[in-house]
Amino acid sequence: MAKPTDLIQGTLDMLILKTLALGSMHGWGISQRIQQVSEDVLVINQGSLYPALYRLEQQGLIKSEWGSSDNNRQAKFYELTRTGKKQLTEETENWERLSAAVDRILQTT
Amino acid sequence: MFRRFSSYVRALLHKDKAERDMDQELQFHLEMEIEANVKRGMSFQEARREALIKFGGVEKFKEECRDVRGAPLVESLLQDVRYGARILLRNPGFTLVAVFTLALGIGANTAIFSVIYGVLMKPLPYRDGNQLVIVQQQAPLARIDNVPFSYKEVVDYREQNQTLQDVVEHHTMSFTLLGGQEPQRVQTGVVSANFFDVLGVKPLLGRTFVESDEAHGSDAVLVLSYQYWKGSHGGDPEIVGKVFQMNNRPHTVVGVLPPIPQYPNEQDVYMPTVNCPARSSEQFKANRNARMMSVFGRLKPDVPVAQAQADLSTLASNLQNQYPDSYPANRGYAASVVSLQEELTRRARPTFLILLGTAGLVLLIACANVANLTLARLMRREREMAIRAAMGAGRGRLIRQLLTESTLLSVAGGVLGLLLAAGGLQLLVGFAARFTTRASEIKIDGSVLVFTLLISIATGLIFGLMPAFSSDQHLSGALKESGGRSSAGVRRQRVRNMLIVAQVSVSFILLIWAGLMLRSLIKLQQVNPGFDPERVLAMRISPNWSKVNTPEQTRSLFTRILDKARSEPGVLSAAISSTYPLNQLGITSGPFNRGFQIEGKPIPEGELAPQADFRTASTDYFETVRQPLVQGRTFTDADNEKAVQVAVINQATARHRWGDEDPTGRRITLDRGQTWLTVVGIVGDVRTYGLDREPADEIYVPLAQGGFGGNLLVRTAADPMSVAKLTRESVYEVDPDTAVDRVQTLEQVRSDAVASPRLTAILLAMFAGLALVITAAGIAGVMALSVNQRTHELGVRLALGATPGKVLGMVMRQGMSFVLVGLTVGVAGALMLGRLMSSLLFAVEPTDPITFLAVALVLMVVAAAACFVPARRVTSIDPMLALRSE
């Protein structure tokens, strides 16, 4: 397995927000989802995931609630707040601009 | 913002719940991971192992989560405090030494600060004290800084100024108060009726003066000062309404003042101007040149002192143009405005600031010492720190932990220091009273407590940061090696050596200050005062002037008192004089200078007449104080009111005014030639107005020809205090209305004259001694640790054939090299900072080589001893044991 690419600083937050935009999810679910969607390119370490979740919650971009998981266990579910949605839109735009710019540079021969 | 705050609070309140939530969440994550692994076909054991590995260091990121979650500051601070307190209590030796060292440093600063705050910084206890000013007149060309005001001048300044709300006057008189057990001489402040209103002073009892008190023919009233009321009337709560006889009139007490600093001097009682016989006479009021009052004013709101100064300067030059006779051009004339607060504390400022600096430096040394101790301890805690770091504590978090510990120490030191300061405060109040009337305001109040708290915390941060930042980042190294010998250990040793250099240099500066002050004091005490204070008793006598009011009556009273005093057993001689050498009142008021003219030497137009201090002395005065006769004769009983008027001058006058000529037989005049005095003798110079002042030019006239003298002096065969009671009673026997006070021996007077430099020297010496002890302890500590750590190396040296003496020499040399560096830095510092001291020194240069040599020697010896004690252990090292100890 190839070594997962290190995430650009701040990108993790955006990925979490994006993942949660699809619906509320628990921490493990978020990491699985990102891994799956990125086809194992991005592996989110728990050591980065939870501090990031706590930080986002602290910033009021997401909120959490205890609920039961698919297999009927108590799990903490996170969902986007309204500010979180706004933040996501902004960050997505930023990211698209940035990646387009990087693309252009890389494709210039 | 609010959410952040509420999350803090929530996190704090529900700390356990938050922890549980986090555990549960992570647990869930782990289980899901295991499940997923099992689904992929692993055995449960394998799945669990794999999951745990993937999970990584749980504690580390739990800590990160905690940090992010909020309230890390408050919560972890509490945790740090708990942990720190535990650590400190587990090392009682270290804790005790550190707390005590800090307590001394912080205590010294608290005490000095409470003095500085009470005297220099606290607003005056008057309403809007910063608006109060003192107005002064000067004759700059005659070099007189403070010319009193005449009545007409007070009126002019009151009416013509633009910048003052009000102008009030004040002068001091000394009256005899009858009606108590003995006649009592009371220092009386004679003031405008609205004086206390302008100052904004509310009475403690009764009332202060009102306008009607100042109307002519109104009843005479008195207001007592707090100190006098407490001291002489036992704080009698029924005092208001009591009637005393003063100046042959009944005076009713109408009020008592609160304890406030008084200026220019402490008064016993106050009376309105109309009741002062001198001040209320029409003749006095009409004479623009009859000057005796001082003047206070209150600035109009928002008027700066500079503006008032400009205003009064204009006023002064107008007056000078209007009345050229009263303000002769050759004396010059100016008026100045000084803030009352500044004036009250002018004398105290340099000494107090030096003391504050000293206390600050002592604290710095104490800080360095505790930092040193902490470093030494940190070397032993290397492993603990490494483990904590491995468990997820960030570098910042570790530093915070160390800072919490140091702050705990310093706050404990602060509390103890506060107690020390409270204990020593009374001493300092007595000390401060020698410089300012504000001394009674010194106390440990809220501001001082805040200062102590701030300085404690600052101290903790300062000595905590030093060790904290030398903390190591290379965890693995720290974990592997045994703490003391890691690379961090070497760096810390360097920091510790630098601390020693700093301590030695600061100690050197403090010792130099103390040394200079001490040298100055010794010089002062070696000054020949020009008289013999041994076995002489002095007392102030104040006849009731309303009964004794002709020259004949005065002469007769003085003669009877002298005869009676001489007849007492044990009295060798007795004299009455206007003042005596080193009399505290004389030192305060300065020489009573008058202009005179020498016969045949007319004073050129526009020049100032020669000035001399005019004194009266009865026949035996020079014999009584043993002021030597240099030439001619002193007074005899024949020099009475009917004889030719004579004078005796001192050597300074002869030198300054006659040069090589012989003054005896020459004549001088005080009244532009109306009467002439023949100089009959020259006496030796006396340091009348302070041992540190050059002898003034003095001219003595016989009491019988000069009128008045207020002090009785008796030389006794035995201890002068033994005849004090007798002499006092003999005065009452001669005249029951004559008040006697200020009974003291000239020995006491002389010792009083050097009391403030002596106290300053003692305080500085105490601080310097403290610094020396702390520094010595610091040096010994560093040496002990260094020897301890080098046991192995020293053992190798011994095993290879070095003699114990040689090894000892080497260790000592290395230790002393830091002391020498510190000493060099200290010399440079002392040379730079010595100038601060120069205003406190007498006949000693701030660069005095003897002091520098002596202090360097003392410091070297103490440092060598401090090095030697731990270094001696070197000789007892057994090479074999040392080598095996690895």
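Residues numbered from 1 in each chain as written. Chains lettered and ligands numbered in written order. Predicted model: local features only at pLDDT ≥ 70, side-chain atom pairs only at ≥ 80, totals over all residues.

Remarks on unusual backbone geometry
All names here are of chain B.
Next, step 1: Here Arg 535, not a glycine, exhibits a phi torsion of approximately 55°, which is positive.
Next, step 2: Examined against the element boundaries, Arg 535 turns out to sit in the loop between α19 (487-526) and β13 (536-542).
Next, step 3: Despite not being glycine, Leu 582 has its phi angle at roughly 65°, a positive value.
Next, step 4: Mapped onto the elements, Leu 582 comes out in the loop between β14 (571-577) and α21 (584-589). (Helix = DSSP H or I, 4+ residues; strand = E, 2+ residues; numbered from the N terminus.)

Observations regarding helix α26 (residues 746-753) of chain B
Residue and element names in this part refer to chain B.
Next, step 1: Among the residues of α26, Leu 746, Val 749 and Ala 753 are the ones counted as buried. Here the buried residues of α26 occupy an arc of 55° about the axis, which is enough to place them on one side.
Next, step 2: Next to the buried residues of α26 lie β13, α21 and β24 (739-745). (Buried ≥ 20, exposed ≤ 12 C-beta atoms within 10 Å, placed from the backbone. Arc of directions from axis to C-beta. Contact = placed C-beta atoms within 7 Å.)

Notes on the confidence of the model for chain A
All names here are of chain A.
Next, step 1: Scored by pLDDT, chain A has a mean of 82; 90% of the residues are at 70 or more.
Next, step 2: Highest mean pLDDT in chain A belongs to helix α4 (residues 82-107) (89); lowest belongs to helix α3 (residues 46-58) (83).
Next, step 3: Confidence drops under a pLDDT of 50 for residues 1-5, and excluding neighbours within four residues, the segment shows 6 contacts in the predicted structure. (pLDDT = per-residue confidence, 0-100.)

Describing the packing of helix α1 (residues 11-21) of chain A against helix α2 (residues 27-37) of chain A
Residue and element names in this part refer to chain A.
Next, step 1: Closest axis-to-axis distance for the α1/α2 pair is 10 Å, and the angle between their directions is 100°. Classified by the interaxial angle, the pair formed by α1 and α2 is roughly perpendicular. In this structure, α1 contributes Leu 15, Ile 16 and Thr 19 to the contact, and α2 contributes Ile 30, Arg 33 and Ile 34.
Next, step 2: The residue makeup of the contact of α1 with α2, split by class, is 4 nonpolar, 1 polar and 1 charged. (Axes fitted to C-alpha atoms, helices over the stretch in contact; angles between N-to-C directions. Parallel < 35°, antiparallel > 145°, perpendicular 65-115°, else oblique. Nonpolar A, V, L, I, M, F, W, Y, C, P; charged D, E, K, R; others polar.)

Comments concerning the nonpolar core
Residues and elements named next belong to chain B.
Next, step 1: Residues Val 362, Leu 510, Trp 513, Ala 647, Phe 767 and Ala 771 are the most contacted members of the largest nonpolar core, which totals 152 residues.
Next, step 2: A domain split of this core shows at least three residues from each of domain 3 (349-525 + 755-884) and domain 4 (548-736).
Next, step 3: Excluding its chain neighbours within four sequence positions, the residues that come into contact with Trp 513 are Thr 358, Leu 764, Ala 768 and Met 837.
Next, step 4: Membership of the second largest hydrophobic core comes to 54 residues, among which are Tyr 157, Val 167, Ala 316 and Ala 335. (Core = buried A, V, L, I, M, F, W, Y, C linked by C-beta atoms within 7 Å. Domains from an automatic or database assignment.)

Overview of the pairing of strand β9 (residues 249-256) of chain B
Residues and elements named next belong to chain B.
Next, step 1: Pairing of strand β6 (residues 205-206) with β9, which is carried by 2 bridges, proceeds in the antiparallel orientation. By the bridge assignment, Leu 205 is partnered in β9 with Val 256.
Next, step 2: In this sheet, β9 lies alongside strand β7 (residues 220-224) in parallel orientation, the contact comprising 5 bridges. Residue pairing across strands places Ala 220 opposite His 251, the latter belonging to β9. (Pairing = 2+ DSSP bridges.)

Looking at the packing of helix α29 (residues 804-833) of chain B against helix α30 (residues 849-871) of chain B
All names here are of chain B.
Next, step 1: At a minimum axis separation of 10 Å, α29 and α30 run at an interaxial angle of 150°. The pairing of α29 with α30 is recorded here as roughly antiparallel in orientation. In the crossing of α29 with α30, the sense of the turn from one axis to the other is right-handed. Where α29 abuts α30, its residues Leu 808, Val 811, Met 812, Gly 815, Met 816, Val 819, Leu 823 and Val 827 lie against Phe 852, Ala 856, Leu 859, Ala 863, Ala 864, Cys 867, Phe 868 and Ala 871. (Left-handed = near helix turned anticlockwise from the far one by under 90°.)

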